[in-house]
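Chain and residue survey
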Amino acid sequence: MKIRSLWVYYMGSSGTSQNLIFSRRFPTVEKWTVLTEKDQYVPIPQNTEFTKNLFNCIRTNSKLNKNSEQKCSNQDKSPFYSVNTAGGKLFPVIVLNKDQFLFCCLPFVDSASHSKPFLIEIPGVTLCHGLLSALSDIVHTSHLNNENSLFNDISTFLIETVPLGKIRDVNLTSINAKIANKSIFAAGNQKQPAWRPNTHKGRNQIYICVSENVRAAICGTNQKGNDWEVYGRVTCKCDLDGIVPEVTLNIIQMPTNERFCLDNFTVHPCVQSADVDDALGDNQELDARSTSRRIRFIPPQEQFTLCNYSVSAPKDMPITGYYDMQVEPGGKVIIEVRLTLNPKIKNSFDICELQIPIYNRGLVQSYEVNASQGSVQLVDKRKLVWNIGQKFPSKNLEVFLTSTLLLNKQLPTNPDMYEDPFCIDLNSYVLLTFRINDFTQSGCHVDSKSVQVKGKLKCKLNTVHEYVSSHYKFWNIHGNSLTITPQS
């Protein structure tokens, strides 16, 4: 990526000054621009004219954003501007305002179609912004230490990072090392990835978590259809030695009673390949064996989401049941909840809790409750919390709760207390929260024996699998309900 020119302005503590303290043009890039653009070439004006036009453009954009209403249709153009000049428009002019300085850069854009391209179609935009960000750190450090050396520090920085106008490096650590004539810890001809600027030193270990979520809107009646979906993600944290520690692993599906397909499979940008290996039966259909995806990637140092997926059309919900709420005169509310665990789901919960919120009906003055197991408590006089326990009864896999509440709207309430506008009359719901460790409904898991690190690097592997609820709601069978997906 090449840049045509670069400017640095000192804005002062008030931010109103426009003192140009440094500018650099690259004649080689400018000649290339003339040859490429031909009749569409827009020359760069003198610094005085450019400065005037640049700040007029910035002020205009700032006023538009300040005066206009906050709507989705409004577009904030910063930090990319189109500056009007006598010869035409210069686009994109990238501006970074930081630490009382304003940094400005004009990249070379190969517009073969002679039309204004979209920013996403200009590959060097983010690179130029990274260059200005690194330059701002250099200027800030130099300004604090010695203002007299500011010009020399900027020149040295540009000689190392943008020789002849071509951006070579924007990593501040490696730039400082080159300027100081110090060695950079890089192995051979390996290139340091942008998402892994530093190397790890310490114990080698890999942490992988397969987290599968289920959310549902359950009405509990035959007249209304239940709505639910299952989706998941694989998160990863790799602490490995080396510049580019390449990791390979298999994501497979364990055989289950019900065959699932993983749809909408998306991966992190660091993934180099994600090959699919489907086992086919005699009838060219997926058999009961696992569907394997072999993923090869160079992990960043922080924890990241390796991939996301959704499970297509699961037939059975993990927990079914119904919620029955009826209102009687005098503020009396009768509640009945019955839950049944699917026998295909692992009957071992890390947490299993049912919340029964009371909206738009006042506070609970008194209540009676009967639960088949677990404990129930009243929170903030407007929500019953039922701790079901770690297991459903093994005999019938069913639990129930009945309660009678006496509500009083005259009791003082917190004005900041949230009231759901939909939950009026008989519209109400209960929220089920649960988590099951070492289990996924789709059978998706990471094969620990398939995890390999390039160079046969030995490391400790920790794998976690969990099945977690997300907005798992049972709606009152006597009221209306909200679904989780739009209805056609």
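Residues numbered from 1 in each chain as written. Predicted model: local features only at pLDDT ≥ 70, side-chain atom pairs only at ≥ 80, totals over all residues. Heavy atoms only, no water.

1. Quick word on the confidence of the model for the protein
Detail in the predicted coordinates should be disregarded across regions flagged by low pLDDT. Of the residues in the protein, 83% have a pLDDT of 70 or more, and the chain-wide mean is 83. Ranking the helices and strands of the protein by mean pLDDT puts strand 20 (residues 429-437) first, with 96, and helix 5 (residues 172-179) last, with 74. Within the model, the stretch residues 183-188 combines pLDDT values under 50 with six contacts to residues more than four positions away or in other chains. Between residues 278-290, whose pLDDT stays under 50, and residues either more than four places distant or in other chains, the model counts 23 contacts. (pLDDT = per-residue confidence, 0-100. Helix = DSSP H or I, 4+ residues; strand = E, 2+ residues; numbered from the N terminus. Contact = heavy atoms within 4.5 Å.)

2. A word on the sheet that holds strand 16 (residues 363-371)
Strand order in the open sheet formed by four strands is 13-14-19-16, with antiparallel pairing between adjacent strands. Each having just a single partner strand, strand 13 (319-328) and strand 16 make up the two edges of the open sheet. Between one strand axis and the next, the sheet turns through 15 degrees on average, direction left out of account. Bridge count for strand 16 against strand 19 (residues 398-408) is eight bridges, and the pairing is antiparallel. Within strand 19, the position partnered with Asn 370 by the bridge is Thr 402. (Pairing = 2+ DSSP bridges. Axes fitted to C-alpha atoms, helices over the stretch in contact; angles between N-to-C directions.)

3. Some points on the packing of helix 4 (residues 150-161) against helix 5
Put simply, helix 4 and helix 5 touch, their axes get as near as 10 Å, and they point 105 degrees apart. By the criterion of interaxial angle, the relationship of helix 4 to helix 5 is roughly perpendicular. Within the contact between the two elements, helix 4 uses Thr 156, Phe 157, Glu 160 and Thr 161 and helix 5 uses Ile 175, Lys 178 and Ile 179. (Parallel < 35°, antiparallel > 145°, perpendicular 65-115°, else oblique.)

4. Overview of the state of the cysteines
Enumeration over the complete set of coordinates arrives at zero disulfides. Sulfur of Cys 104: no disulfide; nearest cysteine sulfur belongs to Cys 105 and is 7.3 Å away. We classify Cys 104 as buried; its relative accessible area is 0%. (Disulfide = S-S within 2.5 Å. Buried < 20%, exposed > 50% of the residue type's maximum accessible area, 1.4 Å probe, protein only.)

5. Points about the nonpolar core
Phe 297, Ile 319, Phe 392, Leu 432, Phe 434 and Tyr 472 are the most contacted members of the largest nonpolar core, which has 63 residues in total. Looking at which element gives the most residues to this core, the answer is strand 6 (residues 205-218), with six residues. Phe 392 has contacts with Ile 319, Leu 339, Leu 341, Asn 347, Phe 349, Cys 352, Gln 373, Leu 397, Glu 398 and Val 399, leaving out every residue within four places of it along the chain. Listed in part, the 30 residues of the second largest apolar core include Ile 94, Leu 135, Phe 157 and Ile 175. (Core = buried A, V, L, I, M, F, W, Y, C linked by side-chain atoms within 4.5 Å.)

6. Things to note about the pairing of strand 14 (residues 332-341)
Here strand 14 shows a buried face lined by Val 333, Ile 335, Val 337, Leu 339 and Leu 341 and an unburied face lined by Lys 332, Ile 334, Glu 336, Arg 338 and Thr 340. As paired elements, strand 13 and strand 14 share 10 bridges and run antiparallel to each other. The partner of Thr 320 across the bridge, within strand 14, is Thr 340. Hairpin remark: strand 13 followed by strand 14, antiparallel, with three residues in the connecting loop; positive phi at Gly 330, about 90 degrees. By the bridge criterion, nine bridges tie strand 14 to strand 19 in an arrangement that is antiparallel. Counterpart to Arg 338 in the pairing with strand 19 is Phe 400.

7. Comments concerning helix 1 (residues 27-37)
Along helix 1, the residues that are buried comprise Val 29, Glu 30, Thr 33 and Glu 37. Looking straight down helix 1, one finds its buried side chains confined to an arc of 100 degrees; they lie on one side. Seen from the buried face of helix 1, the exposed residues on the opposite side, beyond 90 degrees, are Pro 27, Lys 31 and Leu 35. Of the residues one or two after helix 1, Lys 38 is the one with positive phi, at around 55 degrees. (Arc of directions from axis to C-beta.)

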